[in-house]
Amino acid sequence: MIQLNNIEKYYANKGVKNYVLRLVTTTIKQGEFVSIMGPSGAGKSTLLNIIGMLEEPTYGTYEFMGEDVTSLNERKRIELYRNHIGFVFQAYHLIDEMTVYENIEAPLLYKKVGSSERASRIADLLDRFNIVAKKDLFPNQLSGGQQQLVGIARALAAQPSIILADEPTGNLQSAQAEEIMELFKKLNQEDGITIIQVTHSEKNAQYGNRILHIADGVVKEDVTVA
Amino acid sequence: MFRLNLKIAWRNLWKNKGYTLINILGLSVGMASCILIFIFIRFQLSFDEGYKNAGRIYRVVTDWKYNAFDDFSAGVPIPFTAAARNEIAGIEKIGAIAKLDDIIHIKDNTGREILKSQENVYFAEPDFFDIININWKYGKPAEALKAPNSVALSEAMAIKYFGSVQNAIGKSITMGTKTQLSVTGIFQDMPQNSSFPLKIVIAYQNLYNYYGNRDCWDCINSSLSSYMLLKEGLTRSDLDGAMAKFNKKYYADKKIEGNQVNRLQPLSEIHFDERYDNFANATIAKGQIYGLAIIGLFLICTACINFINLNTAQAVNRSKEVGVRKVMGGKRKQLIVQFLTETVVLVLIALLIACMISELAIPAMQNLFKNQISFSLFGHPVIFVFMVLLVAFVGFLAGFYPAMIISGFNPALAIKNKVTLNNNGLSLRKILVVVQFAITVILIIGTIVIVNQMDYLQQKPLGFNSSTVVMVGMPGDQVSKDRRSIFKERILKIPGVQLLSYCQSPPLSQDINSTNFTFNGTKNKDFEVRTCKTDENYFKLFDLKIIAGKVFMKSDTANGYVVNETFLKKVGITKPENALGKMINATGINIPIVGVVKDYNDKSLKEKISGLAISADKNQYWQAAIKLEGKQLVSSMNQIETLWNITFPNNIYHADFVDDRIKGYYESEHIMGILFKVFASVIIFISFIGLFGLISFVAMQRTREVAIRKVLGASTLQLVKMLNGSFLIMVFIANIVAWPMAYLFVSKWLSGFAYRIDLSLWPFVLAMLISMLITFITVSFRSYKAANANTIDVLKYE
């Protein structure tokens, strides 16, 4: 599904190249649950951003679902966001001015999903995540874990084939974190959604089936979890 | 999607209540000003619209070109219309119309007088109404105005005089002392935006009772005018040849003075050409209209600048939302639409408030124009169109740039709140603040100069003393004239009355009679002498100083001239004494100069003193100047009125103080002064609340920096200075930018006055001080609060 070839990313500063990523080559197949691990500043987030097409690599090629997306125009990129990619953030990034319901609805509106279809999908998600009672609350009325549930529900609303999560549990207490990770595992196993997460926690990484260890911009290890 | 956008817009506006309030206040005040200006401009531009064939209707005017000056009149010679009808090809219809004022008496069935009023009456040929098509309720102009002594009334006049339109028909009214007119037609009331405020229209033949000489080609009175409708398909230039031939035949070949010519003026220019009078006494130069429009644009632009500044400043706060929306698949276009929706919601709220403000301000505006014009917010559908356009314009102007900026954030950075706006160097926000304050400063300077000039006009010594002098109109009919001496005798017995002089006009007057003349046998070609007819008491009454010779002897006709110094200067006499005994011939007879009067201002201070010759002529005294004692003004005035009404029972008493009349000559400047004060206040208000918003934001953004600096030992004063600095510099730069433009504007305006204040540096400096001081207060208020905030509270939550 994802094919990265010799991806490099550096920032040139006064003629000196500061490498963030060096020669990253990897393939991620449909249905995998990949955790990217590594110390601070190793380039985990940059790699995820490149996969999410939020940043462009300085060098190398990137194929997403068989298509070269190394540098993509905005229109095409947005098409991919609407149909294939869902994002989950460490700080949830719900829109403060919108209720839970509206937050989940937003991507569907951008995708131009009909209103009845929209209503049923949202109802389904609210139900599945047990947040029906909270649908009219605003994000600041929810706990962190609840906010992240809404964030995931929002990411799933457009029925993506892949979810990119940047430290999804970084701001959460361990109990809530576990709950979220269980959810990811379930989504991966039952719905076959490809998941790529960046994490610090060895424990969280165990929920997935593959771990990429990154240090100083280089993939040091690529292990499969039993 | 749209409904959701609205909802989000509303929540966002509510969340930032403070900034929303500032934006709405600024926008609504700016929009209200724009709406009021638009209502006024629309009213002015709508003059004389909607007549059938309007494009082919012309007024005939008369122009002169003397060596030293040009002169213009809205009138034509009396024989013009008849001659043009026969001789100029291409005219479909031509009709003469004249305006006079006279007293109208209405009697009831028993012959008892029930109503007496002084009215403007018009004498029109029936053909005039084939050119200016108005709706006749009763009768047709062709018949109604055919016979002498027939009169047509407007509906309102018919109702005023006879109670109803039906009652009026066939009734008779008396004009002056003896002319009996019978009502033969009723026409619609003329709208306020018409240069033809016709109320009483009389058959044209009756005019000849007033003007004896029907064959005079160089007697032009601006109230005798002529209108023509050109044949279909013709324009003014098609008649050039015919007009040239006509002008040659009647003026050049007859050797009439001043290269007199007739010229066609389109109907659409009548209201806008200030050189020519019109029946409504209302002209406004297009330049003034454009000036107002520009001020309106200024006001709305400053309000928009507030909006742009506050919104781009706040943009950072919304970067997260933008990032999230983008990775959810929101296109930039959709985000722009969302932010524009927010702006439009805000603008619509502002519009509602603007409508309320306008509605409240309309009475004041009508008051400003002496209630002669009635304005209404919903008086015309065009006003709605304007409001819609205004919302679109403001929404776009104010909303587009912030929307572009905010929607353009890179999602990867935006999500991490790492967006940085260009805060250093020459950011657009700084430029906008400078522009905004430059406009403000221009208006402040303009206001200071205008107010000063108006004060100067009011305080400048005019060379005569007119305090407590009242001018009372005198009827011109023979019976009344014969009673003048007895009237004077009785008036002088009223306690508080000091002196009375019969005269044509007070010393300073815009009713100008001027004529060419020969001086000591040689024809003068350089200027026309202004003539003024008064009796011998005039000089003492107005305290005019005779510097050589003496006042002419008491007489009914001219027996000697008193001229002013300017006259002497113009004819080249340096010593006043040398002028005595020299002959002036302005009336066909040589009359000697007997005295020289010290110069006084005989026209408004917009103009220079004219060469003046004062003499007696009993037949031309239209008024009595009465000097009163200050203490018992009211009782004296009442007694004068009573006596007047007893002496001249058929006429209407009219009196006003000379000083009030002089003030009236500066009416338009007075209005301009008030408008400038209002607009300057509005713009100051808008600019400074904008500034307040901006400093609030900056202070909030820099709270952490401020706290850290405090921990490092900065004093509150140092912090306030740090926060204030950039704002004071911006306002200072704005002042420098504004000065040249303000200078151009005020010096141009002042050049319209012959007597004016010297333009010194201090209005500019004062404007700078005012703007800097208000800036300082506004900004310090907020920055002090920020600098004084509790350090721990701030740092704890970072």
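Computed from a predicted model, the values in this text were never measured in an experiment.

What follows covers the pairing of strand S9 (residues 210–215) of chain A. Residues and elements named next belong to chain A. Counting buried residues along S9, six of its six residues qualify, which places the element largely inside the surrounding structure. Burial along S9 is two-sided: the residues Arg210, Leu212 and Ile214 and Ile211, His213 and Ala215 are all buried. When strand S3 (residues 33–37) meets S9, the two strands line up parallel, connected through four bridges. Following the sheet pairing, Val34 is matched in S9 by Arg210. Bridging between S9 and strand S10 (residues 218–224) involves six bridges; their strand directions are antiparallel. Of the residues in S10, the one forming a bridge with Leu212 is Asp222. Where S9 folds back onto S10 in an antiparallel hairpin, the turn is made up of two residues, including Asp216, whose phi is positive at roughly 50°.

Ranked by size, the top nonpolar core spans 148 residues in total, and within it Met31(B), Phe542(B) and Ile626(B) carry the most contacts. At 16 residues, the largest contribution of residues to this core is made by helix H2 (residues 17–45) of chain B. Split by domain, the residues of this core number at least three in each of domain 1 (2–41 + 285–455 + 667–796) and domain 3 (469–664) of chain B. Judged by nonpolar contacts, the second largest core, of 53 residues, contains Leu48(A), Leu54(A), Ile336(B) and Phe339(B).

For the rest of this paragraph, the subject is the packing of helix H11 (residues 332–368) of chain B against helix H12 (residues 381–407) of chain B. Residues and elements named next belong to chain B. In contact at an axis separation of 8 Å, H11 and H12 are set at 140° when each is read in the N-to-C sense. The angle between the axes of H11 and H12 places the two elements in the oblique class. Between H11 and H12 lies a crossing of right-handed hand. Touching Arg332, Leu335, Ile336, Phe339, Leu340, Thr343, Val344, Val347, Leu348, Leu351 and Cys355 of H11 are Met387, Val391, Val394, Gly395, Ala398, Gly399, Phe400, Ala403, Met404, Ile406 and Ser407, all from H12. Per-class residue counts for the contact of H11 with H12 are 17 nonpolar, four polar and one charged.

Attention now moves to the confidence of the model for chain A. Detailed reading of the predicted model is not advised wherever pLDDT is low. Residues at a pLDDT of 70 or more form 100% of chain A, whose mean pLDDT is 89. Within chain A, strand S8 (residues 194–198) of chain A carries the highest mean pLDDT (94), whereas helix H2 (residues 74–83) of chain A carries the lowest (83).

Bringing the pattern of salt bridges into the picture now. All told, the structure shown has 34 salt bridges over all chains when counted by the stated rule. Across the pair Glu178(A) and Lys203(A) runs a salt bridge, and its minimum N-O distance is 3.0 Å. Placement of the pair is Glu178(A) in helix H6 (residues 174–190) and Lys203(A) in helix H7 (residues 202–205), with a sequence separation of 25 residues. Within this structure, Arg318(B), Glu321(B), Arg325(B) and Glu342(B) form a network of salt bridges that share partners.

Here we come to unusual backbone geometry. With a phi close to 60°, Asn130(A) is a non-glycine residue in the positive phi region. When you line up the elements, Asn130(A) lands in the loop between helix H4 (115–128) and helix H5 (144–157). Its identity as a non-glycine residue notwithstanding, Asn520(B) has a phi of 50°, on the positive side. Secondary-structure assignment places Asn520(B) in the loop between strand S15 (518–519) and strand S16 (522–523).

Summed over the entire model, instances satisfying the criterion amount to five cavities of 30 Å³ or more. The computed volume of the largest cavity comes to approximately 100 Å³. Looking at the largest cavity, the residues that line it are Tyr81(A), Ile85(A), Gly86(A), Phe87(A), Phe89(A), Pro107(A), Gly151(A), Arg154(A), Ala155(A), Ala158(A), Val327(B) and Met328(B). When the residues that make up the lining of the largest cavity are grouped by side-chain class, the tally is nine nonpolar, two polar and one charged.

With that settled, consider helix H20 (residues 633–647) of chain B. Residues and elements named next belong to chain B. Taking 1.5 Å of rise per residue, 15 residues should cover 21 Å, and H20 covers 21 Å from first to last C-alpha, within 8% of that figure. Within the sequence span of H20, burial applies to Ser636, Met637, Ile640, Leu643, Trp644 and Thr647. The buried residues of H20 all sit within an arc of 130° when viewed along its axis, so they share a single face. Away from the buried face of H20 by more than 90 degrees, exposed residues Val634 and Ile646 are located. On its buried side, H20 packs onto strand S12 (469–473), helix H16 (484–491), strand S13 (497–503), strand S23 (623–628) and strand S24 (655–657).

Attention now moves to helix H3 (residues 100–110) of chain A. Where burial is concerned, most of H3(A) is hidden: ten out of the eleven residues are buried. In this fold, the buried residues of H3(A) make contact with H2, H4 and H5 of chain A together with helix H1 (2–15), helix H10 (319–327) and H11 of chain B. Following H3(A) by one or two positions, Lys112(A) adopts a phi angle in the positive range, close to 60°.

As a further point, take the sheet that holds S24(B). Residues and elements named next belong to chain B. Strand order in this open sheet of four strands is S13-S23-S12-S24, and the pairing throughout is antiparallel. Both outer strands of the open sheet, S13 and S24, are each paired with one neighbouring strand and no more. The average undirected angle you get between the axes of adjacent strands in this sheet is 25°. Pairing between S13 and S23: six bridges, direction antiparallel. Residue pairing for S23: Cys503 is matched across the bridge by Gln623. Sitting on the sheet, H16 is in contact with S13 and S23, with an inclination near 160° to S13. Sheet strands in contact with H20 are S12, S13, S23 and S24, and its direction is about 150° off that of S23.

Scanning the model with the defined rule gives 43 aromatic pairs over all chains in all. Each ring, one from Tyr19(B) and one from Phe697(B), has its centre 6.4 Å from the other, and the planes form 65°; the classification is edge-to-face. One end of the pair, Tyr19(B), is in helix H2; the other, Phe697(B), is in helix H22 (residues 667–701), and 678 residues separate them in sequence. For Tyr19(B), a relative accessible area of 14% translates into the label buried. Residue classification places Phe697(B) among the buried positions, given a relative accessible area of 1%. A cation sits over an aromatic face here: Arg22(A) above Tyr19(A), 3.9 Å from the ring centre. Sitting over the face of the ring of Phe527(B), Lys570(B) holds its NZ or CZ atom 5.0 Å from the ring centroid.

This brings us to the side chain of Ser33(B). Tracing the sequence through the fold places Ser33(B) in helix H2. In this structure, Ser33(B) is in contact with Leu299(B), Phe679(B) and Val682(B), ignoring residues within four places of it in sequence.

With 26 residues of chain B at the interface, the matching set in chain A holds 26 residues. The contact between chain B and chain A buries some 2,400 Å² in all, and 62% of this surface belongs to carbon and sulfur atoms. In this structure, the connection of chain B to chain A is made through four salt bridges. Across the pair Arg11(B) and Glu102(A) runs a salt bridge whose closest N-O atoms are separated by 2.4 Å. Counting the contacts that link chain B with chain A gives eight residue pairs in polar contact (both at pLDDT 80 or more). Secondary-structure elements contributing two or more residues to the side of chain B that touches chain A are H1, H10, H11 and helix H13 (411–415) of chain B. Split into classes, the residues belonging to the side of chain B that touches chain A amount to ten nonpolar, six polar and ten charged.

Scoring rules and cut-offs
Residues numbered from 1 in each chain as written. Chains lettered and ligands numbered in written order. Predicted model: local features only at pLDDT ≥ 70, side-chain atom pairs only at ≥ 80, totals over all residues. Heavy atoms only, no water. Buried < 20%, exposed > 50% of the residue type's maximum accessible area, 1.4 Å probe, protein only. Helix = DSSP H or I, 4+ residues; strand = E, 2+ residues; numbered from the N terminus. Pairing = 2+ DSSP bridges. Core = buried A, V, L, I, M, F, W, Y, C linked by side-chain atoms within 4.5 Å. Domains from an automatic or database assignment. Axes fitted to C-alpha atoms, helices over the stretch in contact; angles between N-to-C directions. Parallel < 35°, antiparallel > 145°, perpendicular 65-115°, else oblique. Left-handed = near helix turned anticlockwise from the far one by under 90°. Contact = heavy atoms within 4.5 Å. Nonpolar A, V, L, I, M, F, W, Y, C, P; charged D, E, K, R; others polar. pLDDT = per-residue confidence, 0-100. Salt bridge = Lys/Arg side-chain N within 4 Å of Asp/Glu carboxyl O. 1 Å grid on protein atoms, 1.4 Å probe; cavity = no way out; pocket = protein on both sides within 12 Å on 5 of 7 lines; lining within 4 Å. Points joined across faces, edges and corners; volume = space filled by probe spheres on them. Expected span 1.5 Å × (residues − 1). Arc of directions from axis to C-beta. Phe/Tyr/Trp six-rings, centres within 6.5 Å; stacked < 30°, edge-to-face > 60°. Lys NZ or Arg CZ within 6 Å of the ring centre and 35° of its normal. Buried area = accessible area lost by both parts, 1.4 Å probe. Polar contact = N/O pair within 3.5 Å; in protein donor to acceptor, adjacent residues only side chain to side chain.

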